[in-house]
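Here is what each chain is made of, one letter per residue.
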Amino acid sequence: MAGRRVNVNVGVLGHIDSGKTALARALSTTASTAAFDKQPQSRERGITLDLGFSCFSVPLPARLRPAPLGAEPEPEPGAEPRLQVTLVDCPGHASLIRTIIGGAQIIDLMMLVIDVTKGMQTQSAECLVIGQIACQKLVVVLNKTDLLPEGKRQAAIDKMTKKMQKTLENTKFRGAPIIPVAARPGGPDAPETEAPQGIPELIELLTSQISIPRRDPSGPFLMSVDHCFSIKGQGTVMTGTILSGSVSLGDSVEIPTLKVMDDYSVIGRSLFKKETNIQLFVGLKVHLSTGELGVIASAFGQSGKFKVHVPGGLSPESKKILTPALKKRGRAGRGEEAEQPEPVQHVALSLSFKRYIFDTHKRMVQSP
């Protein structure tokens, strides 16, 4: 076990502008390429738009170490096992709830960040509901304590602590620890010379609350992709959470195509605009140019794509047509060639329906 790192994912969730990213920055010693709102769009809008990943590590507590088997040699200096805490910084805006849910799916412990000057807000409550579904442990962080009047600071913290305890009474997190901090004293425009307050105490609390999740290395390797980004000169990088199995350096892994999901489903595109409410078309029949009859099942992502269920299944010929082929395409200015997946042949989808002008329900009708 000497030198081993045990990783635990801790989610940072809360209402927009409660100081989640500032808290992740104050805690972290290592940041990924997408941590702390590095995306230009995030900086332009001043909010977190995607999951951010960063981490810090502490010596692995004795309670989390396996019981020694007989007389074990003392570990070499610097080879002590460590606990790596990966922080998953989630957005707080209501329109990004899907991203928040995606982040909640991979966390082992949740930090609910509350602006102590405002208390529970809309997305705070939504994150609490998500936490009850996705994880077993919670730590409540009362942030921005530096904005409270100094003479009344402790009284205000005590009052907010009691409010949060009452809020958690009827949840699975009853009795969860609550701790005050000031991740960025003075606010975002203040100079960075002033040190955050309460961070060592928060790290100590997190270490005491963390338990090592059970992970099963057996079975086929299956990884859920949590994040996808590009590094200049390197290409596309995907990070994720392993759901089953294990992988080693140098192993080859398969990335399944999204064109054909299975023998009974395909993904359609270019039929609807991005802003179209595809839910209105769910249940309508479509015809594939390969001869199959399908039914619109749901939207697929947020770019106007949609999932089509083919009750009779796709024929072998259709699957062959829909399976992308790799075609070499040159990269301008470099003379290099990269393999790009392209469909062997385009398959058209046709959708026909009637909508009567005077129908108040705006129903779409198809022939039997």
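Residues numbered from 1 in each chain as written. Predicted model: local features only at pLDDT ≥ 70, side-chain atom pairs only at ≥ 80, totals over all residues. Heavy atoms only, no water.

## Comments concerning the overall build of the protein chain
From N to C terminus, the protein chain includes seven helices and 17 strands. Residue burial in the protein chain is summarised as follows: out of 368 residues, 36% are buried. Of the contacts formed within the protein chain by residues at least 6 apart in sequence, a portion of 64% connects residues at least 24 apart. Approximately 22600 Å² of the protein chain is accessible, and the part contributed by carbon and sulfur atoms is 52%. (Helix = DSSP H or I, 4+ residues; strand = E, 2+ residues; numbered from the N terminus. Buried < 20%, exposed > 50% of the residue type's maximum accessible area, 1.4 Å probe, protein only. Contact = heavy atoms within 4.5 Å. Areas by Shrake-Rupley, 256 points an atom, 1.4 Å probe, with all protein chains shown as cover.)

## Focus: the pairing of strand β5 (residues 109-115)
The element β5 is largely enclosed, with a buried count of seven among its seven residues. Across the two faces of β5 the burial is the same, with L109, M111, V113 and D115 and M110, L112 and I114 all buried. Bridge count for strand β1 (residues 5-14) against β5 is five bridges, and the pairing is parallel. Paired with G11 across the strands is M110, a residue of β5. Two strands pair when backbone bridges link them, and β5 and strand β6 (residues 138-143) are joined in this way by six bridges, in the parallel orientation. Across the sheet, residue D115 finds its bridge partner in β6, namely N143. In this region the chain leaves β5, passes through helix α4 (residues 122-134) and returns to the parallel neighbour β6; the handedness of that crossover is right-handed. (Pairing = 2+ DSSP bridges. Right-handed = clockwise from strand over helix to strand, strands pointing away.)

## Quick word on the sheet that holds strand β7 (residues 178-180)
With mixed pairing, the seven strands of this open sheet are ordered in space as β2-β3-β4-β1-β5-β6-β7. Each having just a single partner strand, β2 (30-31) and β7 make up the two edges of the open sheet. Of the strands in this sheet, β1, β5 and β6 touch α4, which is tilted by about 170 degrees from β5. Along the sheet face, helix α6 (residues 199-209) touches β3 (52-59), β5, β6 and β7 and points at about 170 degrees away from the line of β6. (Axes fitted to C-alpha atoms, helices over the stretch in contact; angles between N-to-C directions.)

## Notes on the pattern of salt bridges
Scanning all chains against the criterion turns up two salt bridges. Residue R65 is joined to E80 by a salt bridge in which the shortest nitrogen-to-oxygen separation is 3.1 Å. Here R65, found in the loop between β3 and β4 (82-89), pairs with E80, found in the loop between β3 and β4; they are 15 residues apart in sequence, far enough to count as distant. Judged by its relative accessible area of 33%, R65 falls in the partly exposed class. On the basis of relative accessible area, E80 is assigned to the partly exposed category, the value being 37%. A salt bridge links D115 to K144, with the nearest nitrogen and oxygen atoms 3.6 Å apart. Note that D115 is positioned in strand β5 and K144 in the loop between β6 and α5 (153-168), a separation of 29 residues in sequence. (Salt bridge = Lys/Arg side-chain N within 4 Å of Asp/Glu carboxyl O.)

## Quick word on the environment of P59
Looking at where P59 falls in the secondary structure, it is placed in strand β3. Excluding anything up to four places from it in sequence, P59 contacts P81, R82 and L83.

## Notes on the nonpolar core
Core analysis: the biggest nonpolar cluster contains 29 residues, and L23, L87, M111, V139 and L202 have the highest contact counts within it. With residues up to four places along the chain from it excluded, the contact list for L87 reads V10, V12, A24, L27, S28, G52, F53, S54, C55, F56 and M111. Among the nonpolar cores identified, the runner-up in size contains 28 residues, and V116, C135, M164 and F173 belong to it. (Core = buried A, V, L, I, M, F, W, Y, C linked by side-chain atoms within 4.5 Å.)

## Brief notes about the side chain of T86
Examined against the element boundaries, T86 turns out to sit in strand β4. Residue classification places T86 among the buried positions, given a relative accessible area of 12%. Of note is the side chain of T86, whose polar atom sits 2.6 Å from the side chain of N7. Residue contacts for T86: discarding those within four places in its chain leaves N7, V8, N9, V10, F53, S54 and C55. (Polar contact = N/O pair within 3.5 Å; in protein donor to acceptor, adjacent residues only side chain to side chain.)

## A short note on unusual backbone geometry
Phi at D17 is positive, roughly 65 degrees, even though this residue is not glycine. Inspection of the secondary structure assignment puts D17 in the loop between β1 and α1 (20-27).

## With respect to the environment of K307
Tracing the chain through its elements places K307 in strand β14 (residues 306-309). You can call K307 partly exposed: its relative accessible area is 26%. Each C-alpha atom, one on K307 and one on I267, is 4.7 Å from the other, the two residues being 40 residues apart in sequence.

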